[in-house]
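# Close look at the chain arrangement
Take a look at the letters that make up each chain.
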Amino acid sequence: MKILGISLLMMGCLIGFSLSIDIIQGNDISQALYKSINPFRVMEVSELFVLFLLSLFVAESLYLYIKKKSKATNQS
């Protein structure tokens, strides 16, 4: 779970850094967001499939973590 948390934190920091650089260069927020999302719009089917599998893995990990935490709080 630590690896997943660190990966999500790093992704958030990198997206924020990318958005801030675009804003400093003179783009407004909507243009900066479009530039950040644009690489996902040109992905091929196989790349989208891998992204889908990765998102399923992340969702399953979060579900198991929440389930484990709620089970631990109900027992105490």
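Attention here is on the structure that accompanies the text. Owing to the predicted nature of the structure, the values given are computational and were not obtained by experimental measurement.

### Remarks on the overall build of the protein chain
- Across its full length, the protein chain holds 3 helices and 0 strands.
- Going from the N terminus to the C terminus, the protein chain shows its helices and strands as α-α-α.
- For the protein chain, the C-alpha radius of gyration of 17 Å lies well beyond 11 Å, the compact-globule estimate for 76 residues.
- In terms of overall dimensions, the protein chain has C-alpha extents of about 55 × 30 × 20 Å along its principal axes.
- The buried share among the 76 residues of the protein chain stands at 8%.
- Split by element, the accessible area of the protein chain, about 6,700 Å² in all, is 71% carbon and sulfur.
- Averaging the coordinates of the 7 positive side-chain charges in the protein chain and doing the same for the 5 negative ones gives two points 20 Å apart.

### Details of the packing of helix α1 (residues 2-24) against helix α2 (residues 29-41)
- Interhelical geometry of α1 versus α2 gives an angle of 135° and a closest axis separation of 9 Å. As the angle between them shows, α1 and α2 are arranged oblique. Helix-helix and strand crossings are classified by hand; for α1 and α2 the assignment is right-handed. For the pair α1 and α2, the contacting residues are Ser18, Leu19, Asp22 and Ile23 in the first and Ile29, Ala32, Leu33, Lys35 and Ser36 in the second.

Rules used throughout
- Residues numbered from 1 in each chain as written.
- Predicted model: local features only at pLDDT ≥ 70, side-chain atom pairs only at ≥ 80, totals over all residues.
- Heavy atoms only, no water.
- Helix = DSSP H or I, 4+ residues; strand = E, 2+ residues; numbered from the N terminus.
- Rg over C-alpha atoms; globule rule 2.2 N^0.38 Å.
- Buried < 20%, exposed > 50% of the residue type's maximum accessible area, 1.4 Å probe, protein only.
- Areas by Shrake-Rupley, 256 points an atom, 1.4 Å probe, with all protein chains shown as cover.
- Lys, Arg positive; Asp, Glu negative; His and termini not counted.
- Charge placed at Lys NZ, Arg CZ, Asp CG, Glu CD.
- Axes fitted to C-alpha atoms, helices over the stretch in contact; angles between N-to-C directions.
- Parallel < 35°, antiparallel > 145°, perpendicular 65-115°, else oblique.
- Left-handed = near helix turned anticlockwise from the far one by under 90°.
- Contact = heavy atoms within 4.5 Å.

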